[in-house]
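Results of the structural survey
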Amino acid sequence: MGTARFPLSFGSGMRHVIIGSGPAGVVAAETLRRLDPSAEITVIGDKAGFAQSTVRTASRSRGALDETPSCVRSDADHLARLRIELRHSRVKAIDTAACSVTLADGRVVPYDRALIATGSRPVRPAIVGIDLPQVFTCWTPADAQAIAAVVSPAAHVLQMGAGFIGCIAMQALAAHTARLTVVEVRERMLAHLLDDVAGGLIRRWCEDQGVRICTGRRVVAVTRSGERLRAEIDDGEIIEADVLINATGGQPNVAFLAGSGIALDRGVLVDAAMQSSVAGVYAAGDAAEAIETGTRRRRVNAIQPDAVEQARIAALNMAGHPALLPGTFAYNILDTLGLVSASFGQWQEGAGGETAQLLEAADYRYLRLVFSGDRLLGANSVGYTEQIAALRGLIQERVSLGEWKQRLSAAPLQVTEAYLARRLLATD
Ligand SMILES: Cc1cc2nc3c(=O)[nH]c(=O)nc-3n(C[C@H](O)[C@H](O)[C@H](O)COP(=O)(O)OP(=O)(O)OC[C@H]3O[C@@H](n4cnc5c(N)ncnc54)[C@H](O)[C@@H]3O)c2cc1C
């Protein structure tokens with residue numbers, strides 16, 4: 001995207017500034033140090049030390065909401081030993097003409113190359129009552145601890161949202177209370193990850209475990225009634241609850257870039273080198289909108305493995321070693337109250353051509369494969385866990401299936417055999 005306007009002399013004296021100390025920021029800093037022993041590398045993060053791991057919020061879903069949070073790196077001196085400066089401050093602006101960032105306290109830090117790795121934050125729906133103290137997001141380990149402190153076994157918890165974060169939150173909440181109601185605006189659970197059949201299986205599974213699921217509806221206002229909350233639903237129903245969880249999605253932290261000249265859509269628009277529209281400024285992780293494998297459209301792919309791979313590619317380019325991201329790969333594996341689902345690539349209605357599916361509804365099992373020519377383009381699965389690694393390999397690596405396409409059409413569960421035959425044991 002950006003055209004080079006910097007002298008291509010690398011190897012010493014370069015000043016790299018990384019904004020954000022989450023997985024993308026830390027991996028970029030480590031990669032830069034490996035590539036350039038004499039560069040000046042500064043990581044600026046608005047959290048003291050490393051950002052706490054949001055992925056660990058997910059592992060907290062096993063019921064231990066109040067366990068000690070973990071960080072991206074456990075050793076506080078890790079970056080110092082690599083001669084990487086970690087500054088605790090918020091970047092409030094970037095001046096791409098002067099090549100500097102301005103911190104919240106007014107100090108200015110110059111850079112030769114900058115990386116935006118500021119991650120994402122929870123969406124706050126614009127409804128009356130969203131600021132009430134009984135309303136929580138479930139994003140950071142601190143959020144999880146705050147929820148654990150107020151949710152007793154007798155509490156009625158109302159949750160807005162049944163997407164990826166919502167299902168993680170449900171798993172944690174179900175371990176703390178038996179009274180859980182979920183209101184989701186889309187027509188099914190996990191609508192941006194799973195099709196109707198898969199979303200329906202997850203819903204029935206949750207309902208069988210006592211969770212009330214209301215889809216196609218939204219909370220429009222929340223008021224206090226004594227110590228309790230009264231949530232008004234758009235069909236007129238009033239739901240009383242003790243706690244409201246806002247799990248309505250995430251959005252990239254890019255507001256501070258307004259007026260910088262850096263092209264934005266949802267996140268920072270980057271090319272395959274992870275460079276933004278401004279030369280010398282890169283982005284990676286949840287703040288970046290990178291090119292997707294297959295569709296070649298840009299998307300924010302908010303998963304940690306992608307964040308760190310994007311960061312690695314950005315760092316290589318920042319250090320003068322040209323590298324391209326083959327594309328972000330959409331995949332999610334999720335455990336919802338003990339039922340595992342997976343979503344890979346382009347699984348949506350209308351994507352690809354032929355499909356093959358296997359449904360064992362009584363056992364909550366489902367597998368749907370989407371083909372494009374003799375390759376797998378995407379898949380949804382519920383309840384099958386042994387096939388997940390092979391599915392990911394076949395789709396992400398765009399493996400040519402040859403005669404295995406016909407076999408998978410007849411017997412979709414044979415994906416592991418197909419992967420072994422066509423990828424691992426292939427001799428041609
Ligand atoms: C509840 C939850 C569970 C998840 N579970 C999984 C999972 O199981 N598997 C998975 O792969 N992914 C999971 N994810 C997604 C994963 O956490 C993210 O993809 C990953 O953290 C992205 O890393 P990042 O470095 O881009 O951003 P972040 O981890 O968000 O780090 C960015 C940091 O930059 C800071 N920052 C923001 N603005 C500024 C500024 N102006 N100045 C300075 N610092 C700033 C932020 O406060 C933050 O500390 C989960 C996310 C959530 C919320």
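Computed from a predicted model, the values in this text were never measured in an experiment.

**Structural notes on the sheet that holds strand E25 (residues 365–372)**
An order of E22-E23-E26-E25-E24 is seen for the five strands of this open sheet, with the pairing classed as antiparallel. Both edges of this open sheet fall to strand E22 (331–336) and strand E24 (355–360), since each of them pairs with a single strand only. Ignoring which end each strand starts from, the neighbouring axes of this sheet average 10 degrees apart. Pairing of strand E23 (residues 339–345) with strand E26 (residues 375–382), which is carried by five bridges, proceeds in the antiparallel orientation. Bridged to Ser343 within E26 is Asn380.

**Some details on the domain arrangement of the protein chain**
Once the domains are mapped, the protein chain shows domain 1 (15–121 + 251–318), domain 2 (135–248) and domain 3 (346–424). Each of domain 1 and domain 2 has a C-alpha centre, and these two points are 31 Å apart.

**Looking at the pattern of salt bridges**
Taken as a whole and assessed by the stated rule, the structure comprises 19 salt bridges. Salt-bridge contacts for Arg203 lead to Glu207; the nearest nitrogen and oxygen are separated by 2.9 Å. Here Arg203 pairs with Glu207, and both are found in helix H6 (residues 196–208), just four residues apart, close to one helical turn. Overall, Arg203 belongs to the partly exposed group, its relative accessible area being 25%. A cluster of three or more residues bridged by salt bridges with shared partners is formed by Arg212, Arg217, Asp235 and Glu237.

**Quick word on the sheet that holds strand E7 (residues 113–116)**
Pairing is parallel across the open sheet formed by five strands, whose spatial order is E3-E2-E1-E7-E19. With partners counted over all chains shown, the strands left at the sheet margins are strand E3 (84–88) and strand E19 (281–283), one partner each. With strand direction ignored, the average angle separating the axes of adjacent strands in the sheet is 20 degrees. For E7 and E19, the ladder comprises three bridges, and the chain directions are parallel. Opposite Ile116, over in E19, you have Ala283 as the bridge partner. Lying over the sheet, helix H1 (residues 23–35) contacts strand E1 (15–19), strand E2 (40–45), E3 and E7, oriented at roughly 165 degrees with respect to E1.

**Focus: the packing of aromatic side chains**
If you walk through the whole model with that rule in mind, you get three aromatic pairs. Seen from their ring centres, Trp205 and Tyr364 are 4.9 Å apart, and the 85 degrees between their planes marks the pair as edge-to-face. Here Trp205, found in helix H6, pairs with Tyr364, found in the loop between E24 and E25; they are 159 residues apart in sequence, far enough to count as distant. Arranged with centres 6.3 Å apart and planes meeting at 10 degrees, the rings of Tyr331 and Phe344 form a pair that is stacked. Taken together, the residues Tyr331 in strand E22 and Phe344 in strand E23 connect sequence positions 13 residues apart. Judged by relative accessible area, Phe344 falls into the buried class, the value being 0%. For the cation-ring pair, Arg407 lies above Trp404, with the distance from its terminal atom to the ring centre recorded as 4.3 Å.

Conventions adopted
Residues numbered from 1 in each chain as written. Predicted model: local features only at pLDDT ≥ 70, side-chain atom pairs only at ≥ 80, totals over all residues. Heavy atoms only, no water. Pairing = 2+ DSSP bridges. Helix = DSSP H or I, 4+ residues; strand = E, 2+ residues; numbered from the N terminus. Axes fitted to C-alpha atoms, helices over the stretch in contact; angles between N-to-C directions. Domains from an automatic or database assignment. Salt bridge = Lys/Arg side-chain N within 4 Å of Asp/Glu carboxyl O. Buried < 20%, exposed > 50% of the residue type's maximum accessible area, 1.4 Å probe, protein only. Contact = heavy atoms within 4.5 Å. Phe/Tyr/Trp six-rings, centres within 6.5 Å; stacked < 30°, edge-to-face > 60°. Lys NZ or Arg CZ within 6 Å of the ring centre and 35° of its normal.

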